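The chain contents come next:
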Amino acid sequence: MDWLWSILPMVPTVVALIDYFRRRPEFYWFFIIVFFPTLGPIVYFLVVVLPHSAVEGAVSITLSERRRKKELEARIGQAPLPGLLAELGELYYKDGQFGPAAKYLADALDKGIDHLEARFYLGLACERLGRTRDAIDHLVKVVRADPKFRYMEAMLALGRNLEADGQLRDAEAAYRQVRQTHTYAEARARLADLLEKKGQNGEVRKLYELIVTDAMGQPGYIRRREAPYIRKAKLWLKTHAS
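Quick summary incoming for the structure in this document. (Residues numbered from 1 in each chain as written. Predicted model: local features only at pLDDT ≥ 70, side-chain atom pairs only at ≥ 80, totals over all residues. Heavy atoms only, no water.)

**Quick notes on the overall build of the protein chain**
In step 1: The helix and strand tally for the protein chain stands at 15 helices and zero strands.
In step 2: Counting over 242 residues, the protein chain shows a buried share of 42%.
In step 3: Put simply, of all contacts in the protein chain between residues at least 6 apart along the chain, 50% involve residues at least 24 apart.
In step 4: Total accessible area on the protein chain stands at roughly 13700 Å², and carbon and sulfur atoms take up 59% of it. (Helix = DSSP H or I, 4+ residues; strand = E, 2+ residues; numbered from the N terminus. Buried < 20%, exposed > 50% of the residue type's maximum accessible area, 1.4 Å probe, protein only. Contact = heavy atoms within 4.5 Å. Areas by Shrake-Rupley, 256 points an atom, 1.4 Å probe, with all protein chains shown as cover.)

Pasting the structure below:
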């Protein structure tokens, strides 16, 4: 068993390196992880991994996107063209910096670039900033133009914000629209929440059972993304066992 104890200290380094090559943060993190095998992986997870994990739905920015972000910042200083502003705003959103994201995306729209991608990300940024009414305004425009935009992610986001704003009937309608064509656990779980408040536990049970059943055949990355809703479904079914 001595060999096992000699390998165990290497595990955090290996895990950190795997995440490094998947996430592609700044290059210096590679040397921190490798040359400081005990402290390096800990610092890496605290500084790089946890902040992104704490942001629901955030997409970790790649090394090439970081370079592009710096390039755009320099170019916008010389010529703030709407296309560049929109692209930079999306990169800021993906990097979890929602304030700058909202600013650049709003500037892009003010300058005349009204494509759905920019307005969608602006709606998401407003949601993260707690600006629910602004988020609704932007997301409504997106789904009116294309109800199935981004595989109905815009409709799902609209439902979340309508719910947060107390517009529960419209939120329920949005979640039902998503459910018609997609199996997102989030949409089902949020719909189940609204229906439970109305005492419709029969439909609530069916929704939670679908979440658990579908999770069994899903790829690992989808199960990880939808883990909070899967856990919620299992807990509800356990506590409401007939």
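**A look at a nonpolar patch on the surface**
In step 1: A cluster of nonpolar side chains, Phe31, Val34, Phe35, Phe36, Leu39, Ile42 and Leu46, forms an exposed patch at the surface whose accessible area comes to about 720 Å².
In step 2: Note on placement: Phe31 falls in helix H3 (residues 28–35).
In step 3: On the accessibility criterion, Phe31 (41% relative accessible area) is partly exposed. (Patch = residues over 30% accessible without salt bridge, like charges linked within 9 Å, V, L, I, M, F, W, Y side chains within 5 Å. Salt bridge = Lys/Arg side-chain N within 4 Å of Asp/Glu carboxyl O.)

**Observations regarding the nonpolar core**
In step 1: The biggest cluster of nonpolar side chains holds 60 residues, and the ones touching the most others in it are Tyr93, Phe120, Met155, Leu158, Val178, Tyr208 and Ile211.
In step 2: Looking at this core, the element that brings in the most residues is helix H10 (residues 149–164), giving eight residues.
In step 3: What Tyr93 contacts, discounting residues up to four positions off in sequence, is Phe98, Ala101, Tyr121, Leu124, Ala125 and Arg128.
In step 4: Listed in part, the six residues of the second largest apolar core include Leu17, Trp29, Ile33 and Tyr44. (Core = buried A, V, L, I, M, F, W, Y, C linked by side-chain atoms within 4.5 Å.)

**Here's the deal with the packing of aromatic side chains**
In step 1: Under the defined criterion, the tally for this structure stands at seven aromatic pairs.
In step 2: A ring pair is formed by Phe31 and Phe35, whose centres lie 6.0 Å apart and whose planes are at 5°; its orientation type is stacked. With a gap of four residues between them, Phe31 and Phe35 both fall in helix H3, about one helical turn apart.
In step 3: Its relative accessible area of 56% is what places Phe35 among the exposed residues.
In step 4: Seen in terms of ring centroids, Tyr93 and Phe98 are 5.1 Å apart; in terms of plane orientation they differ by 50°. Their pairing is tilted. Across the pair, exposure class does not vary: Tyr93 and Phe98 are buried alike. (Phe/Tyr/Trp six-rings, centres within 6.5 Å; stacked < 30°, edge-to-face > 60°.)

**Here we look at unusual backbone geometry**
In step 1: Positive phi outside glycine occurs at Tyr151, with the angle close to 55°.
In step 2: Summarising the element assignment, Tyr151 is placed in helix H10.
In step 3: You can call Tyr151 exposed: its relative accessible area is 61%.
In step 4: For Met152, which is not a glycine, the phi torsion comes out positive at approximately 70°.
In step 5: Position of Met152 relative to the elements: it lies in helix H10.

**Considerations on the pattern of salt bridges**
In step 1: Counted under the stated rule, the structure contains 22 salt bridges.
In step 2: Residue Glu127 is joined to Arg160 by a salt bridge in which the shortest nitrogen-to-oxygen separation is 2.7 Å. Taken together, the residues Glu127 in helix H8 (residues 116–128) and Arg160 in helix H10 connect sequence positions 33 residues apart.
In step 3: A relative accessible area of 18% places Glu127 in the buried class.

**Describing helix H9 (residues 132–145)**
In step 1: Compared with the 20 Å implied by 1.5 Å per residue over 14 residues, the 20 Å span of H9 between its first and last C-alpha is a close match.
In step 2: The complete set of buried residues in H9 reads Thr132, Ala135, Ile136, His138, Leu139, Val142 and Val143.
In step 3: Turning to H9, the residues buried within the fold contact helix H7 (98–110), H8 and H10. (Expected span 1.5 Å × (residues − 1).)

**Things to note about the side chain of Glu90**
In step 1: With respect to the secondary-structure elements, Glu90 resides in helix H6 (residues 82–94).
In step 2: We note that Glu90 is buried and unpaired, the nearest opposite charge coming from Lys94 at a distance of 5.3 Å.
In step 3: With residues near it in sequence (within four places) discarded, Glu90 still touches Leu105, His115, Glu117, Ala118 and Tyr121. (Lys, Arg positive; Asp, Glu negative; His and termini not counted.)

**Here we look at the packing of H10 against helix H12 (residues 185–197)**
In a pair of packed helices, the angle between the axes and the distance between the axes together describe the arrangement.
In step 1: Following both chains from N to C, one finds H10 and H12 inclined at 25°, their axes separated by 11 Å at the closest point. Classified by the angle between their axes, H10 and H12 sit roughly parallel to one another. Here H10 and H12 pass one another in a crossing that is left-handed. Here Leu156, Arg160 and Glu163 of H10 lie close against H12, whose contacting residues are Glu186, Ala187, Arg190 and Leu194.
In step 2: The class makeup of the residues in the contact of H10 with H12 is three nonpolar, no polar and four charged. (Axes fitted to C-alpha atoms, helices over the stretch in contact; angles between N-to-C directions. Parallel < 35°, antiparallel > 145°, perpendicular 65-115°, else oblique. Left-handed = near helix turned anticlockwise from the far one by under 90°. Nonpolar A, V, L, I, M, F, W, Y, C, P; charged D, E, K, R; others polar.)

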